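Spelled out from the first residue to the last, the chains are:
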Amino acid sequence: MAEVQLTSVRQVFRRSSGALVEAVAGVDLVFRAHEFVCMIGPSGCGKTTLLQLVAGLMPVTSGQIAVDDVAVSGPSPERGLVFQRDSVFPWMRSLDNVAYGLKCRGVDKAKRENIARDYLNQVGLGAIERSWPRELSGGMLKRVAVATVFANSPRVLLMDEPFGALDYVTKLQLHQTLLGLWGHYRPTVLFVTHDVDEAMLLADRIIVMKAGRVADDRQVTLARPRTVESLALPEAVAHKEVLLRHLGLNALVQDGKSAQ
Amino acid sequence: MNRAAVHKLAGFASVIALVALWQLASLVVPYETVPGEPMVPGWQVVFTRTFVSLADYWQGGLGVPSVADGGPRTYAGAVLAILSNSWDTSLRLFAGLGLGAFVGLAAGLAVSWSRWSRRIAALPAQVLRTFPMMALIPMFQLWFGATYLGMMLFVALAVGVIFFTGTANAVGNVADIYVDYARTQGATRLQIYRTVLLPAMFPELRSSILLGLGTAWTAVVAAEFLGAQTGLGQIIVSAQYFGYVDRMFVVALFLLLYAAITYALFERASRRLTEWMPRGQSANVYGAS
Amino acid sequence: MDQAPRAARQLPFDPLGIAGLVALIVLWWALSYFRIVPQVSLPSPAGVVTTIADNFFSSSYLDNYHLGQQGMAGNLLYSIVNVLIALVIACVVGITLGFTSARLALFRAAIDPVMLTAGTIPVLVTAPFFLVWFGVSRSAQIALLIIYDITIIYLFAQRAAANLDPTYVDASRTLGASQRRIVLDVYLMGTLPEVFGGIRIALAGAWGLEAFSELLGAPKGIGRVIQAMAADMDTQMMVAAIVTLAVVAVGFDFAIGSVFGFITRWKRKARL
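Residues numbered from 1 in each chain as written. Chains lettered and ligands numbered in written order. Predicted model: local features only at pLDDT ≥ 70, side-chain atom pairs only at ≥ 80, totals over all residues.

### What about the overall build of chain A?
The test is simple: Helix and strand labels come from DSSP, where a helix needs a run of H or I of at least four residues and a strand needs a run of E of at least two; each type is numbered from the N terminus. We compute the radius of gyration from the C-alpha atoms alone; for a globule the expected value is 2.2 Å times N to the 0.38, where N is the number of residues. With C-beta atoms placed from the backbone, a residue is buried if 20 or more other C-beta atoms are within 10 Å of its own, exposed if 12 or fewer are, and partly exposed between those counts.
Counting its secondary structure elements, chain A contains seven helices and ten strands. The globule rule puts the C-alpha radius of gyration for 260 residues at 18 Å, and the 19 Å found for chain A is close to it. Its C-alpha atoms give chain A principal-axis dimensions of about 60 × 45 × 35 Å. Put simply, chain A has 260 residues, and 41% of those count as buried.

### Re the interface of chain C and chain A
Worth spelling out the cut-off: Any pair of residues counts as being in contact when their C-beta atoms, constructed from backbone geometry, are within 7 Å of one another. Under this grouping Gly is polar, as are all residues other than the nonpolar Ala, Val, Leu, Ile, Met, Phe, Trp, Tyr, Cys and Pro and the charged Asp, Glu, Lys and Arg.
Listed by partner, the interface residues are 22 residues for chain C and 26 residues for chain A. Every element with two or more residues in the side of chain C that touches chain A is listed here: α8 (166–174) and α9 (179–216) of chain C. The element that contributes the greatest number of residues to the side of chain C that touches chain A is α8 of chain C, accounting for six residues. When the residues that make up the side of chain C that touches chain A are grouped by side-chain class, the tally is nine nonpolar, six polar and seven charged.

### A word on the sheet that holds strand β2 (residues 20–31) of chain A
Residue and element names in this part refer to chain A. Definition in use: A pair of strands counts as paired when DSSP detects no fewer than two bridges linking them.
Here we have four strands laid out as an open sheet, ordered β2-β1-β4-β5, and antiparallel in their pairing. With partners counted over all chains shown, the strands left at the sheet margins are β2 and β5 (70–71), one partner each. Pairing of strand β1 (residues 4–14) with strand β4 (residues 62–67) involves five bridges; the strand directions are antiparallel. The residue of β4 that forms the bridge with T7 is Q64.

### So, the domain arrangement of chain A
Residues and elements named next belong to chain A. Our working definition: Residue ranges for the domains originate in an automatic or database domain assignment.
Parsing chain A into structural domains produces domain 1 (1–78 + 154–260) and domain 2 (87–152). One C-alpha centre belongs to domain 1, the other to domain 2, and the line joining them spans 26 Å. Here the side of domain 1 that touches domain 2 gets five residues from one element, more than from any other, and that element is helix α5 (residues 168–185). Of the residues belonging to the side of domain 1 that touches domain 2, the class tally is ten nonpolar, two polar and no charged.

### Side note on the interface of chain B and chain C
Often, the extent of an interface is quoted as the loss of accessible area upon association of its parts. Taken residue by residue, the interface counts 54 residues in chain B and 53 residues in chain C. In terms of residue count, the dominant contributor to the side of chain B that touches chain C is helix α4 (residues 115–130) of chain B (nine residues). Here the side of chain B that touches chain C is composed, by residue class, of 39 nonpolar, 13 polar and two charged.

### Section: the sheet that holds strand β6 (residues 79–82) of chain A
All names here are of chain A. We apply this condition: Angles run from 0 to 180 degrees between N-to-C directions of axes, and those axes are lines fitted to C-alpha atoms, restricted for helices to the stretch in contact.
Taken together, six strands build an open sheet; the order of strands is β6-β7-β8-β3-β9-β10 and the sheet is mixed. Each having just a single partner strand, β6 and β10 (213–219) make up the two edges of the open sheet. Pairwise comparison of adjacent strand axes, ignoring direction, gives a mean angle of 20° for this sheet. In the sheet, strand β9 (residues 205–210) pairs with β10 via six bridges, with the strands oriented antiparallel. Looking at the pairing, I206 lines up with R218 of β10.

### A look at the domain arrangement of chain B
Each domain of chain B was delimited in the assignment, giving domain 1 (1–30) and domain 2 (67–273). Put simply, the middle of domain 1 of chain B and the middle of domain 2 of chain B, counted by C-alpha atoms, are 32 Å apart.

### Some remarks on the confidence of the model for chain B
Residues and elements named next belong to chain B. For the record, the criterion: As a per-residue measure, pLDDT tells how confident the predictor is, with possible values from 0 to 100.
Per-residue pLDDT for chain B averages 83, and the proportion of residues at 70 or more is 93%. Across residues 279–289, confidence stays below pLDDT 50; counting only partners more than four residues off in sequence or on other chains, it has 20 contacts. Overall fold confidence (pTM) sits at 0.83, and the ipTM for the predicted complex is 0.85.

### Looking at the pairing of β4 of chain A
Sheet faces and side chains relate simply in a regular strand, where the side chains alternate between the two faces. Bridge count for β4 of chain A against β5 of chain A is two bridges, and the pairing is antiparallel. Among the inter-strand pairings, V67 of chain A is bridged to a residue of β5 of chain A, identified as V70 of chain A.

### Section: the packing of helix α3 (residues 75–111) of chain B against helix α8 (residues 189–225) of chain B
All names here are of chain B. Test applied: Helix crossings get a hand from a simple test, with the near helix turned counterclockwise from the far one by less than a right angle marking a left-handed crossing and a clockwise turn marking a right-handed one.
Interhelical geometry of α3 versus α8 gives an angle of 145° and a closest axis separation of 9 Å. The element α3 and its partner α8 pack so that their crossing is right-handed. Where α3 abuts α8, its residues T89, R92, L93, G96, L97, G100, A101 and L109 lie against Y193, G212, L213, A216, W217, A219, V220 and E224. In terms of residue class, the contact of α3 with α8 is built from ten nonpolar, four polar and two charged.

### What about unusual backbone geometry?
Residue and element names in this part refer to chain A. Put simply, R224 and P225 share a cis peptide bond, and its omega is -5°. Within the fold, P225 resides in the loop between β10 and α7 (234–246). Even without being a glycine, S8 presents a positive backbone phi close to 45°. Looking at S8, the number of C-beta atoms within 10 Å reads 11, which means it is exposed. Notably, S153 is not glycine yet its phi reads approximately 45°, a positive angle. In this structure, S153 sits in the loop between α4 (138–151) and β7 (156–160).

### With respect to helix α1 (residues 3–28) of chain B
Put simply, the test is: Every helix has an expected span of 1.5 Å times one less than the residues it contains.
Helix length check: α1 of chain B, at 26 residues, gives a terminal C-alpha distance of 36 Å against a target of 38 Å (1.5 Å per residue), a fit within 8%. Within α1 of chain B, only one of the 26 residues are buried, which leaves it mostly out in the open.

### Examining the environment of Q185 of chain B
Looking at the secondary structure, you find Q185 of chain B in the loop between α7 (176–184) and α8. C-alpha of Q185 of chain B to C-alpha of Q59 of chain B: the two residues are 126 residues apart in sequence and 64 Å apart in space.

This is how it looks when you write it as structure tokens:
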């Protein structure tokens, strides 16, 4: 829905020992409206830092981040973020969690509970709206988190390896849930992951980060809806080979070429 | 200046601020408890005449006559007074601590032997933990008089409760998997106790040790406050009776110094015992969840 | 569909535990009945109970000691009020200091050494000083308790705030929470279980400390009763006073344990 513009973004951290670490070393990117972008890269490549910068959780060392030409100056429900760790508040029931962003904006109780209920239903958790988070499994908690973020109708959706801790089947189910919600109005999505298959199943565009820089920027034109079978298509395999090589794994042993 | 140095400086600064605050209070509060004895004695008082006046508490001997019999106040007398009373207090403290730790540990292990005994002891243990121990001091005095034995036993009781509940908790918290693992390899119950439960308990035991030490100090000082013939606590209360706040202050400082030293030593020792623990597991000194 | 774990239904207390308590009382009864311990040293449970009943609401006996006409209850109330006042004050101060020191590293560096040292030394060393400065009044009791409670609550509040997963604060920011909301909805709620734990521990020790301070010198209070009875070697009344205090201490612990448990019922139970 909105265009995210990164201009010469550089992020430097100071370690407690005093040494300087350049987590993001000059990134120029434009994420077009309605685009679903996946960012992949090895650990420490700066993808999570970049996501947090777009979220506005910390100020940029140098460069500029803007959404539709308006500079980002702090976190906002317009740039919803689904965290890697459990961010669902354990001391609020599921419904109250989903309604929280609306509560902060002053939406009255009846209205916000209806909206929250609607989104919980959309993620398939209508039955547990009164449950405490401690009673829910990891997959259910992630669904609550996704519902929470969508309840605020963000123009930009940021996701930080949200499904990394889940098992294979749950992950695929959550992909469907996510794509279903996304399909309604198609916010611009920035999805960070280390899972190449996941990136291929979800993204229109895959960006590879390495050592704080963009190493590759690929368009994925596989037809939607995509399934596990789509991963076997030639275009997908070609992408995957390149991506894995970026990540440090060399050629798939597909046709006898030896790994080097 | 890097951050660590600034932080250390901040720590010193706050201590110095407290010292200065005390001095300020001594200047601002003009009251005297008894003519000649300021209610808040400034540091200049404490460092000059207070120390020597402690010679009053030496009963005489070793070539230094007691002040009560007409002898002069000397530094030697003061030093002897401090040493002998420190000895008395420490004896009661460590004897009580040792006894209490031993009995508490043994009782805690015994109670954890079977699931039934653990359940039966659960509520009584909780009652013991919340029982106001200090209220029992007069009872101990009635039973044993103001003797070493009485005070030592009181300390032992207070410490014993800590170790009992701490041990019972610790055994319960040892992950089942370790016990199961030992059982599948044929260990007997006794072997499991010795080789699995005891070492696995050490980290939680560490909290009990530190908490027990704190309790022991509190118990011995309390017992001495309420009726003892000798000991640092007794000096404080005797001085309080006459309004000698400066003497109270100096002896209290000694007590606090001893307590802090024993605490630091115990902490270092118990850290050695738990060296094998993975980093990031912080010991909760009060033993709670 | 993935399964959610189910919570087990449990009684508030274990029936076997009650058996343990009953066993202790039976032991007490046996010790006095069979004269294993002489009556003058350990009165019988029945004797203690009748003494409490007789003297609870009004006691001419206690009145003779200038301990007020409302009997045990009056003195007990004095002690309870002191404990609670000190606890409330200590909560406000200790929690504020603890939270601040978790957020501001410099502040923590400044007051941590003082607070932690205070946590290792016997706080009741200050009791005679308060007696001198405040005289025989309830200020002496309350001052001592405040110092004791603050050192404990500070420690727990600081640790609770430091252990709070920063993800929750970040999440609330991205959901548009104002600073006030972040403090109330996230910071306070998230640290509640640990802070409650600290409050409970502080309260448990406070009863004994209050009794002790009263034994040292107080206008009234259950500790004063114990002291007066000890001076006259009246063990029956003395044990009666001790027992009432113990019942109050255990009762309060149970009560706030339940209340705190209910408020933080959302917490994941630790595996025991």
